[in-house]
Amino acid sequence: MAGITTAPERSLLAVMLSRRIVALALAFLIMIVGIAVFAPALFSLDPAAMSVRQRLTPPGAAYWLGSDAFGRDVLSRLVHAGRVSLLIGAGVALAAAFAGIFIGLLAGFYRRLDGPLSRLIDAMMAFPDILLAISLVAILGGSVINVIIALSIVYTPRIARIVRASTLVVRELPYVEAARALGSSTSYILSRHVLLNISSPIIVQATFIFAYAMLAEAGLSFLGVGVDPATPTWGTMINEGRQFIDRSPYLILFPGLAISFSVLSLQLLGDGLRDALDPKIARQM
Amino acid sequence: MARYLMRRITGMLVVVLLVLTIAFIIVRVAPGDPAALMLGPEATAQDAAELRQRLGLDRPILVQYATFMADAVRGDLGRSLYFNQPVTRVLAARAEPTVILALMSLFFSMLIAIPIGIYAAYRRGSAFDQTVISAAMLAASVPSFLTGLIAQRWLATEYGWFPVSGYGGPESSFFERVRFLILPSLVLGIVNSALILRFTRASMLDVLGEDYIRTARSKGMEERRVVLRHALRNAGIPIITVIGLTFALLVSGAVVTERVFNIPGLGNLVVNAVLRRDYPVIQGTLIVVAVLYVAINLITDLLYLLVDKRVRY
């Protein structure tokens, strides 16, 4: 493939996994996604089953990760909450990537649209993410899908800005001119020549947005303005465990570790992807 | 220079008008009747009709937009439904702790990030450098409210080194109130130092590879002087930008941190406004914060001119 990135000699995966920490991060992510997807089907875990006698039981044989104030099993709640938190992260990364690619390509390719769209991106980015997200959730309502919509709106400008900048560079390259001379349609040039060649920074940024969205969701749930508290997420679990921090610190410890390690792994993966996709940067680091 | 300034300020005004427009749209896209939403489920149709009239929601959308923009430009952001006061007054009454919290945490994060970032770049690839990069990434991965809760539990409740929460009574002195903000700003400062640290390090790495650094060294100049005078001065520009950009991060962090430490600032106000469906306050906070962000970034851009004499527009 002719492009601005030189084709790596080894496969992308091999380059990424050559760094042990990135390999570890990827393994961790595969593990938690696997648990989130398959565990509820394999084990009878009821996150809502209450047992009044077993309130706030510390981690042990009966409850591996303890039980909460309603006697609910922290482990099953953690697994179910993980499904929601991961779904939100992935949903936001995908939606923001699609919307951002669309807006960014328009701004980068059509000079006339560049000014207005760039100012719009600037204006959207002037709102701090949590503030914009809570305002949007306040208006849309706190369902999982609305949180995904709200956070996608928040993070779309980040992708759009990167897509625009990369498109501006690529559209001046000789092969785009050649394609135009050959009579290719604009949509063909955009999808075939431009988008393919700017995909690396988009993938990297989408990975980071996955991480930011999970953090933001936890923040919204903690503030009590995110997903409806009846749906467990890692953020709502910490919010609920907060009042028992003296007696049962494990109630915030486990969901806290789950979020932190997931976000850390995603950031490491994003870094690893960036290094692998752009060998020039990798060599400098 | 004057032309550049004019262009930047016009650009900023356009962005501010767009910010106002977005804030206008956000409240209007609410599914259903905004007045009924604001009043909650117990309200009668009559109440909703009255509120619609009071807020001008019964008029055509373009008239509403024109009125809203004209009011906003004059500094009138409407009235809070809960406090029944002008939004600007409600915001002003709660700005102090948020502003101090933001400034103090910015100070702490620079205090942590800049020296460590410089040293990590200088000792690039060393164990120190590796540890610092990992620690920065870890700090950016832990939710700030979790760090806050843990710090509050141990440093304030357990050891009593800091006040646990709040902002002092109305009679307490300014220093007493600031004392309440030390732990929250430390927490927020540590969380936000990660970005500044990575930027400082990257920026120093760029500069340390330049020819004039080699020249300075080959002249036999003291290392300290090479790093602090020649390198840092040139690495300073990207560091200034990132400090402007962390403003958004600081505000987002402040919203959460104020909630953890129960500080009566803008963050707590906006979360309560969401819970109370006080849309004018939500809208007003969005506008004020976004306009501040735009202004701060214009200022940091202009600071370039002062730091780097080579930058000419």
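Residues numbered from 1 in each chain as written. Chains lettered and ligands numbered in written order. Predicted model: local features only at pLDDT ≥ 70, side-chain atom pairs only at ≥ 80, totals over all residues. Heavy atoms only, no water.

Observations concerning the overall build of chain B
At step 1: When helices and strands are tallied, chain B shows 12 helices and zero strands.
At step 2: Ordering the α and β elements of chain B from the N terminus gives α-α-α-α-α-α-α-α-α-α-α-α.
At step 3: Dimensions of chain B along its principal axes, counting C-alpha atoms only, are 85 × 60 × 35 Å.
At step 4: Here chain B, with 313 residues, has 48% of them falling under the buried criterion.
At step 5: Sequence-distant contacts in chain B: of pairs separated by 6 or more residues, those separated by 24 or more amount to 72%. (Helix = DSSP H or I, 4+ residues; strand = E, 2+ residues; numbered from the N terminus. Buried < 20%, exposed > 50% of the residue type's maximum accessible area, 1.4 Å probe, protein only. Contact = heavy atoms within 4.5 Å.)

Some points on the overall build of chain A
At step 1: If you tally the helices and strands in chain A, you get 12 helices and zero strands.
At step 2: Secondary structure of chain A in N-to-C order comes out as α-α-α-α-α-α-α-α-α-α-α-α.
At step 3: For chain A, the proportion of its 285 residues judged to be buried stands at 51%.
At step 4: For chain A, the share of sequence-separated contacts (at least 6 apart) that also reach a separation of at least 24 residues comes to 70%.
At step 5: Carbon and sulfur atoms provide 66% of the accessible area of chain A, an area that totals close to 13,200 Å². (Areas by Shrake-Rupley, 256 points an atom, 1.4 Å probe, with all protein chains shown as cover.)

Considering the side chain of Gln64(B)
At step 1: Its location among the elements puts Gln64(B) in helix H4 (residues 61-73).
At step 2: In contact with Gln64(B), not counting residues within four places along its chain, are Phe24(B), Arg28(B), Gly56(B), Leu57(B) and Arg59(B).

Focus on unusual backbone geometry
At step 1: Of note, the phi angle at Asn84(B) is positive, near 50°, even though the residue is not glycine.
At step 2: Residue position: Asn84(B) is located in the loop between H4 and helix H5 (87-122).

Focus: the side chain of Asn297(B)
Residue and element names in this part refer to chain B.
At step 1: Mapped onto the fold, Asn-297 is located in helix H12 (residues 279-307).
At step 2: Classification of Asn-297 by relative accessible area gives buried; the value is 14%.
At step 3: From its side chain, Asn-297 meets the backbone oxygen of Tyr-293 in a polar contact 3.0 Å long.
At step 4: Not counting chain neighbours up to four residues away, the residues in contact with Asn-297 comprise Gly-244 and Leu-245. (Polar contact = N/O pair within 3.5 Å; in protein donor to acceptor, adjacent residues only side chain to side chain.)

Points about the confidence of the model for chain A
Residues and elements named next belong to chain A.
At step 1: Chain-level pLDDT for chain A is 83 on average; 85% of the residues reach the 70-or-more range.
At step 2: The least confident element of chain A, judged by mean pLDDT, is helix H12 (residues 279-284) at 48; the most confident is helix H6 (residues 144-170) at 92.
At step 3: Note on residues 281-285: pLDDT is under 50 here. Beyond four places in sequence and across chains, it has six contacts. (pLDDT = per-residue confidence, 0-100.)

Some details on the interface of chain B and chain A
At step 1: The interface is formed by 44 residues belonging to chain B together with 41 residues belonging to chain A.
At step 2: Taking both sides of the interface into account, the surface hidden between chain B and chain A amounts to around 3,800 Å²; carbon and sulfur atoms contribute 77%.
At step 3: Linking chain B with chain A are one salt bridge, by the criterion used here.
At step 4: In this structure, Arg198(B) and Asp271(A) form a salt bridge, with 3.3 Å as the shortest nitrogen-oxygen distance.
At step 5: If you list the elements that add at least two residues to the side of chain B that touches chain A, you get helix H1 (2-28), helix H6 (127-139), helix H7 (144-158), helix H8 (174-208), helix H10 (223-260), helix H11 (266-276) and H12 of chain B.
At step 6: Split by residue class, the side of chain B that touches chain A holds 34 nonpolar, four polar and six charged. (Buried area = accessible area lost by both parts, 1.4 Å probe. Salt bridge = Lys/Arg side-chain N within 4 Å of Asp/Glu carboxyl O. Nonpolar A, V, L, I, M, F, W, Y, C, P; charged D, E, K, R; others polar.)

Structural notes on a positive patch on the surface
Residue and element names in this part refer to chain B.
At step 1: Taken together, the side chains of Lys-219, Arg-225, Arg-229 and Arg-233 present a region of like positive charge at the surface.
At step 2: Relative to the elements of secondary structure, Lys-219 occurs in the loop between helix H9 (211-218) and H10.
At step 3: For Lys-219, a relative accessible area of 62% puts it in the exposed group. (Patch = residues over 30% accessible without salt bridge, like charges linked within 9 Å, V, L, I, M, F, W, Y side chains within 5 Å. Lys, Arg positive; Asp, Glu negative; His and termini not counted. Charge placed at Lys NZ, Arg CZ, Asp CG, Glu CD.)

Considerations on the packing of H5(B) against H6(B)
Axis angle and axis distance: for two packed helices, these are the angle between their axes and the distance between the axes, and together they describe the pair.
All names here are of chain B.
At step 1: Direction vectors running N to C along H5 and H6 enclose 135°, while the axes themselves pass 8 Å from each other. As summarised for this structure, H5 and H6 are arranged oblique, according to the angle between their axes. The chirality of how H5 crosses H6 is left-handed. Residues Ile-116, Tyr-119 and Ala-120 of H5 form the contact with H6, whose participating residues are Phe-128, Asp-129 and Val-132.
At step 2: Class assignment of the residues belonging to the contact of H5 with H6 gives a composition of five nonpolar, no polar and one charged. (Axes fitted to C-alpha atoms, helices over the stretch in contact; angles between N-to-C directions. Parallel < 35°, antiparallel > 145°, perpendicular 65-115°, else oblique. Left-handed = near helix turned anticlockwise from the far one by under 90°.)

Describing the pattern of salt bridges
All names here are of chain A.
At step 1: Applying the stated criterion to the full structure yields 14 salt bridges over all chains.
At step 2: Taking the shortest distance from any N to any O, the salt bridge between Glu-240 and Arg-77 comes out at 3.8 Å. Separated by 163 residues along the polypeptide, Glu-240 in helix H10 (residues 234-241) and Arg-77 in helix H3 (residues 74-109) bring together distant segments of the chain.
At step 3: Judged by its relative accessible area of 28%, Glu-240 falls in the partly exposed class.
At step 4: Between Asp-122 and Arg-161 there is a salt bridge whose closest N-O contact spans 2.7 Å. Of the two residues, Asp-122 is situated in helix H4 (residues 111-125) and Arg-161 in helix H6; the sequence distance between them amounts to 39 residues.
At step 5: Take Asp-122: its relative accessible area is 23%, and that puts it in the partly exposed class.
At step 6: Within the structure, one salt-bridge network assembled from shared partners comprises Arg-111, Arg-171 and Glu-172.

Some points on H4(B)
One full turn of an α-helix is made of 3.6 residues, so residues set three or four places apart face in the same direction.
Residue and element names in this part refer to chain B.
At step 1: With 13 residues, H4 should cover 18 Å at 1.5 Å per step; its first-to-last C-alpha distance of 18 Å lies within 8% of that length.
At step 2: Within H4, the full set of buried residues consists of Gln-64, Phe-68, Met-69 and Ala-72. Projected onto a plane normal to the axis of H4, the buried residues spread over an arc of 125° and lie on a single side. Opposite its buried face, H4 presents the exposed residues Leu-62 and Val-73, each directed more than 90 degrees away. (Expected span 1.5 Å × (residues − 1). Arc of directions from axis to C-beta.)

Thoughts on the domain arrangement of chain B
At step 1: Its domain assignment divides chain B into domain 1 (2-73) and domain 2 (94-276).
At step 2: Distance from the C-alpha centre of domain 1 of chain B to the C-alpha centre of domain 2 of chain B: 35 Å. (Domains from an automatic or database assignment.)

A few points about the nonpolar core
At step 1: Within the largest apolar cluster, 141 residues are counted, with the highest numbers of intra-cluster contacts made by Ile134(A), Leu151(A), Tyr155(A) and Leu223(A).
At step 2: Counting only domains with at least three residues in this core, you end up with domain 1 (2-73) and domain 2 (94-276) of chain B.
At step 3: Apart from the residues within four sequence positions on either side, Leu223(A) is in contact with Ile130(A), Ile134(A), Val255(B), Val256(B), Arg259(B) and Val271(B). (Core = buried A, V, L, I, M, F, W, Y, C linked by side-chain atoms within 4.5 Å.)

What to know about a nonpolar patch on the surface
At step 1: Residues Ile150(B), Trp154(B), Tyr159(B) and Trp161(B) make up a contiguous nonpolar surface patch of about 490 Å² in total accessible area.
At step 2: Relative to the assigned elements, Tyr159(B) resides in the loop between H7 and H8.

Some points on the packing of aromatic side chains
All names here are of chain B.
At step 1: Taken as a whole and assessed by the stated rule, the structure comprises 12 aromatic pairs over all chains.
At step 2: Judged by centre distance (5.0 Å) and plane angle (80°), the ring pair of Tyr-119 and Phe-128 falls under edge-to-face.
At step 3: Overall, Tyr-119 belongs to the partly exposed group, its relative accessible area being 37%.
At step 4: Ring centres of Phe-174 and Phe-175 lie 5.9 Å apart, and the angle between their planes is 75°; this geometry places the pair in the edge-to-face category. (Phe/Tyr/Trp six-rings, centres within 6.5 Å; stacked < 30°, edge-to-face > 60°.)

Here's the deal with the environment of Val27(B)
At step 1: Note on placement: Val27(B) falls in helix H1.
At step 2: The sequence separation of Val27(B) and Arg153(B) amounts to 126 residues, and the corresponding C-alpha distance is 38 Å.

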